[in-house]
Amino acid sequence: MNLILFGPPGAGKGTQAKLLAAKLGIPHISTGDMFRDHKARGTEIGLRVKAIMDAGGLVTDDITNAMVDERLARPDVAQGCILDGYPRTVGQAQFLDGVLTRLGRTVGKVISYEVSEAALVDRIGGRRSCPACGAVYHVTQSPPKKAGACDKDGTALVLREDDKPENVRTRMQEYAAKTAPLKAFYQARGQVAEVDGLGAPDAILAATLKLLGR
Ligand code: ADP
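So, a few notes on the structure that sits alongside this text. Predicted, not measured: the structure shown is a model, and the values here were computed from it.

**Notes on the pairing of strand S1 (residues 2–6)**
Point 1. Of all five residues in S1, five are buried; the element is thus mostly enclosed.
Point 2. Side chains Asn2, Ile4 and Phe6 of S1 all project onto a buried face; the interleaved residues Leu3 and Leu5 project onto the opposite face, where all are buried too.
Point 3. Relative to strand S3 (residues 81–84), S1 runs parallel, the two sharing four bridges. Paired with isoleucine 4 across the bridge in S3 is leucine 83.
Point 4. With three bridges joining them, S1 and strand S4 (residues 110–114) adopt parallel strand pairing. Across the sheet, the residue bridging to phenylalanine 6 is serine 112, located in S4.

Below, the structure is given as structure tokens:
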């Protein structure tokens, strides 16, 4: 089963992807996490994407597609995967179709998480991330046990560069211009299922699993 999690920045795709991956036993593939890992390791890709990512812009399709192409060819994805943050443009969606066809696979459902803009702004503004392990918290909704420190490794939590207000604005604009139109692309193929993205992560997971018949 190849699932695509769809929705604006802050919709909770990353949280749901982690829960779904554990439940379904298939890998979680987040292009945002992959790019952040490249940045942290200072790879050639990391150096190329740093400025655009920090500003909240989209990385070019050629860099993104090449990275996903390589990832989907690995054996752990043979039984399916959960794509989080990819595809984000119609060009990426067409590229993904090509890769999956070549591998003898298809896109299953596209789960679209529906969240109001006010909730998105609150979620992103309150989000704090661990720069060491990538764990994500929210100052009021899912705070760490000790304020400002990661539960897993004690590292001081940070507001991601692209979570700063001016950069969030750019991400929202990029979403509206380039990513939102993708919904119609998948709707035309009857693949989109909408889930209310407001509420507790466990309840949203349950709604998602129900849609998947699990
Ligand atoms: P969010 O969904 O909260 O915006 P992500 O972690 O998915 O955050 O992505 C962070 C950043 O990584 C994006 O703003 C963009 O710069 C880059 N990125 C991630 N996935 C893609 C993609 N599919 N195409 C282009 N850029 C991407």
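After that view of the structure, there is still more to cover.
**Structural notes on the site of the ligand**
Point 1. Every one of the 19 residues lining the ligand counts as a neighbour, but Thr31, Arg36, Gly57, Gln92 and Arg171 are closest to it.
Point 2. Arginine 88 is positioned such that a nitrogen or oxygen atom in its side chain is 3.1 Å from a nitrogen atom of the ligand.
Point 3. A distance of 2.9 Å separates a nitrogen atom of the ligand from a polar side-chain atom of glutamine 92.
Point 4. When the ligand is considered free in solution it has 550 Å² of accessible area, and contact with the protein chains removes 96% of it.
Point 5. A total of four residues in the shell around the ligand trace back to one element, the largest contributor, which is helix H2 (residues 31–41).

**Concerning the packing of helix H4 (residues 61–72) against helix H5 (residues 90–102)**
Point 1. Running from N to C, H4 and H5 point in directions that differ by 25°, and their axes come no closer than 10 Å. Of the possible angle classes, the one that applies to H4 and H5 is roughly parallel. Pair H4 / H5 crosses with right-handed handedness. Here H4 contributes Asp61, Thr64, Asn65, Asp69 and Leu72 to the contact with H5, which in turn contributes Gly91, Gln92, Phe95, Leu96, Val99, Leu100 and Arg102.
Point 2. Tallied by class, residues from the contact of H4 with H5 come to five nonpolar, four polar and three charged.

**Observations regarding the nonpolar core**
Most often, soluble globular proteins keep nonpolar side chains buried together rather than apart.
Point 1. Grouped together as the largest cluster of nonpolar side chains are 25 residues, with contacts concentrated most on Leu72, Leu96 and Tyr186.
Point 2. Elements that contribute at least two residues to this core include exactly S1, H2, helix H3 (44–54), H4, S3, H5 and helix H8 (181–187).
Point 3. In this structure, Ile26, Met172, Ile204 and Leu212 belong to the second largest nonpolar core, which totals 22 residues.

**Quick word on the layout of surface pockets**
Point 1. Volume-wise, the second largest pocket comes out at about 170 Å³.
Point 2. Phe6, Gly7, Pro8, Ser112, Tyr113, Glu114, Val115, Glu117, Leu120, Met172, Tyr175 and Lys183 are the residues that line the second largest pocket.
Point 3. Contributions of two or more residues to the lining of the second largest pocket are made by S4, helix H6 (117–126) and helix H7 (165–179).
Point 4. Ranked by residue count, the leading element in the lining of the second largest pocket is S4, at three residues.
Point 5. Looking at the lining of the second largest pocket residue by residue, the classes come out as seven nonpolar, two polar and three charged.

So, how was this worked out
Residues numbered from 1 in each chain as written. Predicted model: local features only at pLDDT ≥ 70, side-chain atom pairs only at ≥ 80, totals over all residues. Heavy atoms only, no water. Buried < 20%, exposed > 50% of the residue type's maximum accessible area, 1.4 Å probe, protein only. Helix = DSSP H or I, 4+ residues; strand = E, 2+ residues; numbered from the N terminus. Pairing = 2+ DSSP bridges. Near = heavy atom within 4 Å. Polar contact = N/O pair within 3.5 Å; in protein donor to acceptor, adjacent residues only side chain to side chain. Areas by Shrake-Rupley, 256 points an atom, 1.4 Å probe, with all protein chains shown as cover. Axes fitted to C-alpha atoms, helices over the stretch in contact; angles between N-to-C directions. Parallel < 35°, antiparallel > 145°, perpendicular 65-115°, else oblique. Left-handed = near helix turned anticlockwise from the far one by under 90°. Contact = heavy atoms within 4.5 Å. Nonpolar A, V, L, I, M, F, W, Y, C, P; charged D, E, K, R; others polar. Core = buried A, V, L, I, M, F, W, Y, C linked by side-chain atoms within 4.5 Å. 1 Å grid on protein atoms, 1.4 Å probe; cavity = no way out; pocket = protein on both sides within 12 Å on 5 of 7 lines; lining within 4 Å. Points joined across faces, edges and corners; volume = space filled by probe spheres on them.

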